[in-house]
Amino acid sequence: NINVYRFTADEFLVVYAGIDEISKFYSLGEKIISIFDNERISVSGGFSVFPDNSKESNELINFADLAMHNAKKAGKHQLMMFTQEMQSKFLRSEMLKSKMPTAFTKGEFELFFQPQFDISSSKLRGFEALLRWNESVEGLIGPDEFIPLAEENNFILILGEWVLKKAFECQKKWEQKFNFDGIMSINVSPIQLMKEDFVQKLSSLSTECNVNPSNIEIEVTEGIFINETEKAAEILREIKKLGFGISLDDFGTGYSNLKYLQMLPLTTLKIDKSFIPSDSEDSQKDKACIMFENIARLAGEFGVMVVAEGVETEQQYDYLTQMGCDIIQGYYFDKPLTEDMFLEKIKAGKY
Ligand code: C2E
Ligand code: CA
Ligand code: CA
């Protein structure tokens with residue numbers, strides 16, 4: 001007994017009554033998906049079960065909707081069943097999202113700085129600025145959790161601007177205090193970068209803070225090129241023209257199009273930690289070595305510096321040195337530090 005209803009413009013509700021096995025939902029869902037396959041239309045579906053998930057029709061629909069959104073996020077064109085875990089995750093996300101604005105005004109966000117080392121000079125090259133949230137009840141929340149949420153509700157625009165300003169201020173302060181002349185790398189979210197006033201804001205903030213753009217590197221991920229390749233490339237060219245460096249982050253995790261080296265005004269390529277072999281896996285190591293070495297060589301030919309991140313051991317460091325990597329970042333040298341921790345280390349003569 002199946003009834004189909006049109007729910008919104010492109011959402012349909014299927015009520016499937018009188019079935020005894022979950023597998024039947026899946027086979028029905030798969031049948032529906034395969035019909036659209038022939039038309040090359042991508043469909044995502046979610047389902048919830050009466051009375052297991054709820055006895056309330058509204059709630060059942062909401063749960064199925066949530067499952068459908070999870071299916072979309074997981075890469076579309078698939079079917080997912082509602083789970084309690086989905087619900088808890090959703091509630092936590094909503095809670096964190098709603099707390100962000102107050103947390104921001106209360107000063108709960110903080111910038112950490114992770115040192116980067118230049119191999120050839122064996123000196124500090126600079127820092128990557130990394131955001132943290134010291135939530136009053138939850139404790140420390142990592143950026144991997146809250147940045148995607150801030151991107152969903154556009155709060156990333158406010159956070160991102162604050163990060164730029166804070167990083168610029170530190171750069172300036174350290175320059176005045178102890179002639180720091182290194183690079184400050186700043187992560188910029190695709191949403192922030194593609195906003196029409198980003199370049200103008202970047203430029204006016206750097207003037208306001210009196211920092212030299214050549215001491216600043218903007219880190220972007222290749223996510224920005226998926227939909228609007230030419231527009232993103234144009235924005236990067238404008239940023240480069242202003243004198244800022246540009247780093248392509250997490251290289252190797254996505255499409256990793258080598259064409260980026262040719263078409264984008266990159267100064268630095270950050271090869272993702274998954275390309276750095278761990279000390280144990282030997283057969284994997286050979287493959288990772290070949291990839292790393294070739295990417296590094298190619299980057300070198302384009303005049304792009306190679307940063308290896310997530311370097312944790314001396315073996316990895318030695319290996320990366322042999323592979324022609326220019327810059328190293330990772331726990332092997334230092335964890336991300338608060339400003340105070342960094343100043344302590346300076347005092348102690350570590351840097
Ligand atoms: P990412 O840009 O790839 O940053 C590197 C991540 O690796 C950081 O995680 C860093 O703490 C971690 N890491 C550094 N050294 C090591 C190591 O030796 N081993 C291991 N296992 N990990 C290491 P973190 O700070 O949790 O940041 C996670 C991600 O959040 C960042 O990844 C970045 O994508 C994003 N993020 C951080 N701050 C900002 C920000 O201000 N704006 C935006 N848009 N994104 C940010
Ligand atoms: Ca980064
Ligand atoms: Ca990275």
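Residues numbered from 1 in each chain as written. Chains lettered and ligands numbered in written order. Predicted model: local features only at pLDDT ≥ 70, side-chain atom pairs only at ≥ 80, totals over all residues. Heavy atoms only, no water.

**Things to note about the overall build of the protein**
Then, number 1: Secondary structure summary: the protein contains 12 helices and 13 strands in total.
Then, number 2: In the protein, which comprises 351 residues, the share counted as buried stands at 42%.
Then, number 3: Taking contacts inside the protein between residues at least 6 apart in sequence as the whole, the part at least 24 apart equals 62%.
Then, number 4: In the protein, which carries 37 positive and 55 negative side-chain charges, the distance between the mean positions of the two groups comes to 3 Å. (Helix = DSSP H or I, 4+ residues; strand = E, 2+ residues; numbered from the N terminus. Buried < 20%, exposed > 50% of the residue type's maximum accessible area, 1.4 Å probe, protein only. Contact = heavy atoms within 4.5 Å. Lys, Arg positive; Asp, Glu negative; His and termini not counted. Charge placed at Lys NZ, Arg CZ, Asp CG, Glu CD.)

**Regarding the coordination of the calcium ion (ligand 2)**
Then, number 1: Ligation of the calcium ion (ligand 2) by protein atoms is provided by Glu128 (OE), Asn187 (OD1), Glu219 (OE) and Asp249 (OD), these donors lying 2.1 to 2.3 Å from the ion.
Then, number 2: Between consecutive donor residues of the calcium ion (ligand 2), the sequence gaps follow E-x58-N-x31-E-x29-D.
Then, number 3: The class for glutamate 128 is buried, based on a relative accessible area of 4%.
Then, number 4: On the basis of relative accessibility, which here comes to 2%, the residue glutamate 219 falls in the buried class. (Donors = N, O, S within 2.8 Å, 3.2 Å for Na, K, Ca; no water.)

**Here's the deal with the packing of aromatic side chains**
Then, number 1: Applying the stated criterion to the full structure yields 26 aromatic pairs.
Then, number 2: With 4.0 Å between their ring centres and 5° between their planes, phenylalanine 63 and phenylalanine 82 make a pair best called stacked. Placement of phenylalanine 63 in helix α2 (residues 57–73) and of phenylalanine 82 in the loop between β4 (79–81) and α3 (84–105) is noted, with a sequence separation of 19 residues between them.
Then, number 3: Residue class for phenylalanine 63 comes out buried when judged on its relative accessible area of 8%.
Then, number 4: Aromatic rings pair up to connect Phe113, Phe117, Phe127, Trp174, Phe178, Phe180, Tyr317, Tyr332, Phe333, Phe342 and Tyr351 into one cluster.
Then, number 5: One residue, arginine 132, lies across the ring of phenylalanine 112, its end atom 5.3 Å from the ring centre.
Then, number 6: The ring of tyrosine 331 has lysine 335 lying over it, and the distance from NZ or CZ to the ring centre is 4.8 Å. (Phe/Tyr/Trp six-rings, centres within 6.5 Å; stacked < 30°, edge-to-face > 60°. Lys NZ or Arg CZ within 6 Å of the ring centre and 35° of its normal.)

**Focus on the pairing of strand β1 (residues 2–8)**
Then, number 1: Here β1 runs beside strand β2 (residues 11–16); their pairing, made up of six bridges, is antiparallel. Bridged to arginine 6 within β2 is phenylalanine 12.
Then, number 2: Between the end of β1 and the start of β2, which pair antiparallel, lie two residues. (Pairing = 2+ DSSP bridges.)

**Things to note about the coordination of the calcium ion (ligand 3)**
Then, number 1: In this structure, Asp249 (OD), Asp250 (OD), Glu309 (OE) and Glu309 (OE) serve as the protein donors to the calcium ion (ligand 3), at separations of 2.1 to 2.9 Å.
Then, number 2: Read N to C, the donor residues that coordinate the calcium ion (ligand 3) are spaced as D-D-x58-E.
Then, number 3: Here the calcium ion (ligand 2) and the calcium ion (ligand 3) are spaced 4.1 Å from one another, each receiving a donor from aspartate 249.
Then, number 4: Classification of aspartate 249 by relative accessible area gives buried; the value is 7%.
Then, number 5: Looking at aspartate 250, the relative accessible area reads 26%, which means it is partly exposed.

**So, the packing of helix α5 (residues 156–178) against helix α7 (residues 198–209)**
Then, number 1: It is the contact of α5 with α7, at a shortest axis distance of 10 Å, that shows an interaxial angle of 30°. With respect to their mutual orientation, α5 and α7 come out roughly parallel. Regarding α5 and α7, the two cross each other, and that crossing is right-handed. Contacts between α5 and α7 involve Glu161, Leu164, Lys165, Phe168, Glu169 and Lys172 on the former and, on the latter, Phe198, Lys201, Leu202, Leu205, Ser206, Glu208 and Cys209.
Then, number 2: Residue composition of the contact of α5 with α7, by class: six nonpolar, one polar and six charged. (Axes fitted to C-alpha atoms, helices over the stretch in contact; angles between N-to-C directions. Parallel < 35°, antiparallel > 145°, perpendicular 65-115°, else oblique. Left-handed = near helix turned anticlockwise from the far one by under 90°. Nonpolar A, V, L, I, M, F, W, Y, C, P; charged D, E, K, R; others polar.)

**Topic: the environment of glutamate 222**
Then, number 1: Along the polypeptide, glutamate 222 turns up in the loop between β9 (216–221) and α8 (229–241).
Then, number 2: On a C-alpha basis, the gap between glutamate 222 and isoleucine 35 in space is 33 Å, while along the polypeptide they are 187 residues apart.
Then, number 3: The contact partners of glutamate 222, leaving out residues within four places of it in the chain, are Leu248, Thr253, Gly254, Tyr255, Ser256, Asn257 and Tyr260.

**Re the site of ligand 1**
Then, number 1: The local shell around ligand 1 holds 21 residues, among which Gln114, Arg132, Asp249, Glu312 and Tyr331 are the closest.
Then, number 2: Contact distances for ligand 1 include 3.0 Å between a nitrogen atom and a backbone N or O atom of leucine 131.
Then, number 3: Take asparagine 187: an N or O atom from its side chain is 3.3 Å from an oxygen atom of ligand 1.
Then, number 4: When residues of the shell around ligand 1 are traced back to their parent elements, those giving at least two are β6 (123–135), α4 (143–152) and β10 (245–251).
Then, number 5: It is β6 that contributes the most residues to the shell around ligand 1, four residues altogether.
Then, number 6: When the residues that make up the shell around ligand 1 are grouped by side-chain class, the tally is eight nonpolar, five polar and eight charged. (Near = heavy atom within 4 Å. Polar contact = N/O pair within 3.5 Å; in protein donor to acceptor, adjacent residues only side chain to side chain.)

**Notes on the pattern of salt bridges**
Then, number 1: For the structure on display, the rule yields 22 salt bridges.
Then, number 2: With a closest N to O distance of 2.6 Å, arginine 237 and glutamate 230 form a salt bridge.
Then, number 3: Classification of arginine 237 as partly exposed rests on a relative accessible area of 30%.
Then, number 4: Salt bridges linked by common partners bring Lys73, Glu94, Lys97 and Glu152 together as one network. (Salt bridge = Lys/Arg side-chain N within 4 Å of Asp/Glu carboxyl O.)

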